[in-house]
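Breakdown of the fold
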Amino acid sequence: GVPKMEEGLNDVQEIIKTETAYPERRLRGVLEELSTGCNRFVTLANKDQNQAGRTKLDKERLKSCMREMESMGQQAKLIRSQVKRNTVRDKLKMVQNFLHRLRFLADEPQHSIPDVFIWMMSSNKRIAYARIPSKDILYSIVDEETGKDCGKVKAVFLRLPGKKGFGPAGWTVQAKMEMYLWLGLNKQRKDFLSGLPNGFEENKAPRTGSCLQSLPPISLVYNMKQVFQLRAHMYQARSLFAADSSGLSDPFARVFFSTHSQVTEVLSETLCPTWDQLLVFDDVELFGEAGELRDDPPIIVVEVYDQDTVGKAEFIGRTFAKPITKMCDEHYGPPRFPPQLEYYQIYRGNSTAGDLLAAFELLQIGQGGRAELPAINGPTDSDRGPILPVPMGIRPVLSRYRIEVLFWGLRDLKRVNLAQVDRPRVDIECAGRGVQSALIVNFKKNPNFSTLVKWFEVDLPENELLHPPLNIRVVDCRAFGRYTLVGSHAVTSLRRFIYSPPDKTTFGRLFRLSLSYLQNEEEKEEKKKKKKKKKGEVEEDDETDERMLDWWSKYFASIETLMEVYNKELEAEYDNFEDWLHTFNLYRGKAGDDDEAALDDDRIVGRFKGSMCMYKLPLSEEITREAGFDPNMGMFQSIPHNDPINVLVRVFVVRATDLHPADVNGKADPYVVIKLGKSELKDKENYISKQLNPVFGKAFDMEATFPMESMLTVSVYDWDLVGTDDLIGETKIDLENRYYSKHRATCGIANNYSVHGYNMWRDPMKPSQILAKLCKEGKLDGPHYGPGGRVKVANRIFMGATEIEDETGLKKQTDEHLALTVLKHWEEIPRVGCKLIPEHVETRPLFHPEKPGIEQGRIEMWVDMFPMDMPAPGPAIDISPRKPKNFELRVIIWNTDDVVLEDDAFMTGEKMSDIYVKGWLKGQQEDKQDTDVHYHSLTGEGNFNWRFVFPFDYLMAEEKIVISKKESMFSWDETEYKIPARLTLQVWDADHFSADDFLGAIELDLNRFPRGAKTAKQCSIGMVQNEAELPCISIFKQKRVKGWWPFVARDENDEMELTGKVEAELHLMSAEEAEKSPVGLGRNEPDPLEKPNRPDTSLMWFVNPLKSIRYFIWHNYRWLILKALGLLLLLLLLGLFLYSFPGYLVKKMLGA
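Residues numbered from 1 in each chain as written. Predicted model: local features only at pLDDT ≥ 70, side-chain atom pairs only at ≥ 80, totals over all residues. Heavy atoms only, no water.

With that settled, the discussion passes to helix α13 (residues 816-824). Buried residues dominate α13, accounting for eight of its nine residues. Buried within α13 are the following residues: E816, H817, L818, A819, L820, T821, V822 and L823. Those residues of α13 that are buried are in contact with α12 (767-777), β31 (784-786), β32 (790-793), β33 (796-799) and β34 (803-805). (Buried < 20%, exposed > 50% of the residue type's maximum accessible area, 1.4 Å probe, protein only. Helix = DSSP H or I, 4+ residues; strand = E, 2+ residues; numbered from the N terminus. Contact = heavy atoms within 4.5 Å.)

The side chains of a regular strand alternate, residue by residue, between the two faces of the sheet. Note that strand β25 (residues 645-657) and strand β37 (residues 851-867) share ten bridges and pair antiparallel. Across the sheet, the residue bridging to T657 is R858, located in β37. By the bridge criterion, six bridges tie strand β36 (residues 840-848) to β37 in an arrangement that is antiparallel. Bridging across to β37, H848 finds its partner in K851. Following β36, the chain reverses through two residues before pairing antiparallel with β37. (Pairing = 2+ DSSP bridges.)

Okay, α12 next. Of all the positions in α12, only P767, S768, I770, L771, L774 and C775 are classed as buried. The arc that holds the buried residues of α12, viewed along the axis, is 160°, so those residues lie on one side. Against the buried residues of α12 lie β31, β32 and α13. Following α12 by one or two positions, K779 adopts a phi angle in the positive range, close to 50°. (Arc of directions from axis to C-beta.)

Below, the discussion takes up the side chain of S913. Within the fold, S913 resides in strand β40 (residues 911-921). Assessed through its relative accessible area of 0%, S913 is described here as buried. Separated by 3.0 Å, the side chain of S913 and the backbone oxygen of V900 make a polar contact. Within polar-contact distance, the side chain of S913 engages the backbone nitrogen of E902 at 2.9 Å. (Polar contact = N/O pair within 3.5 Å; in protein donor to acceptor, adjacent residues only side chain to side chain.)

Right, let's talk about empty space enclosed by the protein for a bit. Where empty space is left in the structure can be found by rolling a water-sized probe over the atoms. The full count for this structure, using the stated rule, is one cavity of 30 Å³ or more. In terms of lining, the largest cavity is formed by W551, K554, G748, I749, A750, Y758, M760, W761, R762, E839 and I877. Residue classes in the lining of the largest cavity are distributed as seven nonpolar, one polar and three charged. (1 Å grid on protein atoms, 1.4 Å probe; cavity = no way out; pocket = protein on both sides within 12 Å on 5 of 7 lines; lining within 4 Å. Points joined across faces, edges and corners; volume = space filled by probe spheres on them. Nonpolar A, V, L, I, M, F, W, Y, C, P; charged D, E, K, R; others polar.)

With that settled, consider the pattern of salt bridges. As enumerated under the stated definition, the model contains 54 salt bridges in all. With its nearest N and O atoms 2.6 Å apart, the salt bridge here joins E736 to R411. Of this pair, E736 sits in helix α11 (residues 735-740) while R411 sits in strand β16 (residues 398-411); the two residues are 325 residues apart in sequence, bridging distant segments of the chain. Note on accessibility: E736 and R411 belong to one class, buried. Ionic pairing is found between D734 and K609, a salt bridge with its closest N-O pair at 2.6 Å. Placement of the pair is D734 in strand β30 (residues 726-734) and K609 in strand β24 (residues 604-616), with a sequence separation of 125 residues. The residues D734 and K609 share a single accessibility class, namely buried. When salt bridges with common partners are traced through the structure, they connect R411, D412, R607, K609, D734 and E736 into a single cluster. (Salt bridge = Lys/Arg side-chain N within 4 Å of Asp/Glu carboxyl O.)

There is a patch of nonpolar side chains on the surface, built from L1127, L1130, L1131, L1134, F1137, L1138, F1141, L1145, V1146, M1149 and L1150 and spanning about 1200 Å² of accessible area. Within the secondary structure layout, L1150 lies in helix α17 (residues 1105-1150). (Patch = residues over 30% accessible without salt bridge, like charges linked within 9 Å, V, L, I, M, F, W, Y side chains within 5 Å. Areas by Shrake-Rupley, 256 points an atom, 1.4 Å probe, with all protein chains shown as cover.)

Here we take up the packing of aromatic side chains. Tallying each qualifying case throughout the model produces 39 aromatic pairs. A centroid spacing of 5.2 Å and a plane angle of 70° characterise the contact between W408 and W580, whose relative ring orientation is edge-to-face. Of this pair, W408 sits in strand β16 while W580 is found in the loop between α9 (570-573) and β23 (582-587), placing the two residues 172 residues apart along the sequence. The burial state of W408 is the same as that of W580; both residues are buried. When the centroid spacing of 5.4 Å and the interplanar angle of 80° are considered together, the rings of W552 and Y555 count as edge-to-face. Placement of both W552 and Y555 in helix α8 (residues 551-557) is noted, with a separation of three residues, approximately one turn of the helix. Owing to a relative accessible area of 3%, W552 belongs among the buried residues under this scheme. Cation over ring: K918 sits above W988, and NZ or CZ is 4.0 Å from the ring centre. (Phe/Tyr/Trp six-rings, centres within 6.5 Å; stacked < 30°, edge-to-face > 60°. Lys NZ or Arg CZ within 6 Å of the ring centre and 35° of its normal.)

Spelled out as structure tokens, the structure:
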């Protein structure tokens, strides 16, 4: 199934690439095949499952394969139903994933059969070998299980053994063999010749005795041979591998077929050779039956080499092709003939090294000899000697094109042979014709060209896919008229530079669209207003004070609407700002092999800025007749001049995230460095200690002169106390492309226009001025401001507000809102419209030059640019990080109730608790405060009247508490942490001799916590569990709250249970207010709280033993004690009686 699927997917990709119709149909077909294939496998495997002679590994592997295949079959079915025209690409990715999984499954983890090796020997030395995987030639009775090459004639390529076989040296083929291989069980050996092509017969040896013929035949005889002529139409190659140090190659191609080989001519110094050559292989003998040869002709190998003046040619790459075969009884004509030119991918080792555009046809020579074949026209170019060109029906149909080239400038040219480039020139070449730019007289002074537009005419194929590449080469004019190559660039596809005239019919449609669009907008606004009214009650709280708002409020809200926060670079969003000015990297030097693609950046020796525009001749008159058409500028009419220009560049760095740690402690101390041309701004003093997500909030102003200083580098360095500071990562921004872009990337367009406050318009040009300028440049009619808040631009009408408030609150008439509405919808304007860049923050990845391709963190920033010849902009807006505000939270713990009773009373064993309450703010555990202890609470009630005071620094906008503290005693400076504002209250039971017992806790998020209950009875565990449904309050809005809150803890089953209730009062004050009315901690002065009225039980027995005895024993056992006392008296009386009775009796008796 794998090869079939691979072929199918390649088809789909080809269809998408060539933009022909219905790629989705082909993909559905591939998926259909996959799901049926999976089901077949599962049924076959089910039969195999209980075969003997299987190891545990085999059984488990079979099971896992079945599981995978089953799931894959189902997924394939599902995806098949989802394939639509617009989702083809995504689904294609998913299917490629399947292919990957199938390949993995197909590979046995333990090979049970060794592979087959074929060696080529010469005088007892092994000189080349091939290794054939045994699974490919394994025979099975079931067709699906047979190896793909079993019993077939295959071409095998031999390679060098050992170390020699690796690297470029081993890529050339040592020998090519045609082989027939079969590997099977002994009992199936009678089938081993079943795959032989017809026409071959084994040489039957005379039978010796009665033994079965078990040996393979010594030799085969063939009695059928066909004679063919192969025609290889070698048209051109493109994007070849650069094999010379100049960054170019001198390529020629060698074509091997059967036992013949031929070469094309060598073309010097190009990566895109157009050989336009027909190679004819005459009288090629092929053995086998005609029908089989037609369906499965032998492979053609094409190798491309680089001719060196000294030494042997260097291998560039190789590709394989199958010819289209015509038997002598077939007609030479459509649909198969003449063959179409096709692209073949050239491989070098495992990496690609270009494409070959060629066609191959194999024509059978019948009885009548070569005369019957379609004629070959002789050489048409007398200057090319005996070389045959590709014949007319196959070579592309050519038309006359004009290519206009915009020469803007060269940037960052590196040295050539240790000398600096001083007088560069650009040569453009396409299909043998070309044009040269003007010479730059002094590269250091001005790297731009003096003549902007030049053109040349060339014959190109009408089929865009066959367009030859366009080569850009930069040379440096040295002394004595020498020219040195600086670097080159091949533009492989000219498709994006083809000029298409603007469509006339779109106007009316756009106009209709615009009106409906505006109505929608108005409806949306209405809905918004209605929504606000509905939520009216709540709205009142949420109305924030206008003075509190700053740039950060906009930034944090922007995730909704106020400004764009791009999570990638701005240029990625706007197609690299190459709307008319393109940047081409220039390469020099040999290309690296295999995984050295990353090193391709080292081959970049500079950049050429410019553009092309190609169109078929003749061009329609309309364009050239337009008013103000400058024939010198051709298609590049409204392009600004490229004279040097002074610009004020303002870089705003908001923050960095996920920086790569630079210090041993896994943190970094980052600061920002900004380089532009020769000037550099270091913000070293303001480094941020121990942060990987620092908030910089800085604006930097620099002056620059384009084009000399147009590459802005923003780097983040790590501050070190000792030694040099390390670079964490940097990002480079090409300011020039931004500055000249039609998207107007100089200063983002704000969402609304206001003249004061945090949202002040920051461009020196007002919206109306910008609009007027854009209309003038685009030769548009307008803007016409009309009554009722309308503005008309190029037959389109926009609506908007017409009033504005200034600082004093006065309303004035203005057109700015209207102009801004047009700017925000500029992409809808016909012909010249494109999206204008809104006010934004872009997120750029940081990279380290020594670790290319590995992100070292990201930086959020944006750049504003203002030309110096315009009115100067105002001061930069303040984006410095918000300063936290100082607050003081006062918490009074009045009472507790229903606290669980933990201890047994001393002496009586009754349940009781010695209650006290702890409190702290999250992140400030060291500042925790405790109340005094309410001893011997028998009902869970405690009375405290105790005050906690927590001072803290708070960021209103981020709703975070800011804590600065030293991490350890060795820290050089404090580190800042931001944590949510949460108050924790806990209730504990005090023990004298053992650790105190924790009874319960509650954590209140000071921004959102449930309102306290009015009485202890109404206070329940639901206040914690259903917090989401309950109305919440914020202490920062309420300032003062009092009520009952539940204490909860987890029981043995890890479920929440209520363990008490606390009556508390929270009071928030700003530091200034707190200073005016100070209070004491606990029950101390100033503003002391009165002592709680606690029952007498709550005393300590060893402080006042009598009292506690009186309380504990008397209280509970007074009847018992009274009875005991009465009994004691009686006993005493009796005792006394018995004691004194005898003496008394004697006295009486003796009568004394």
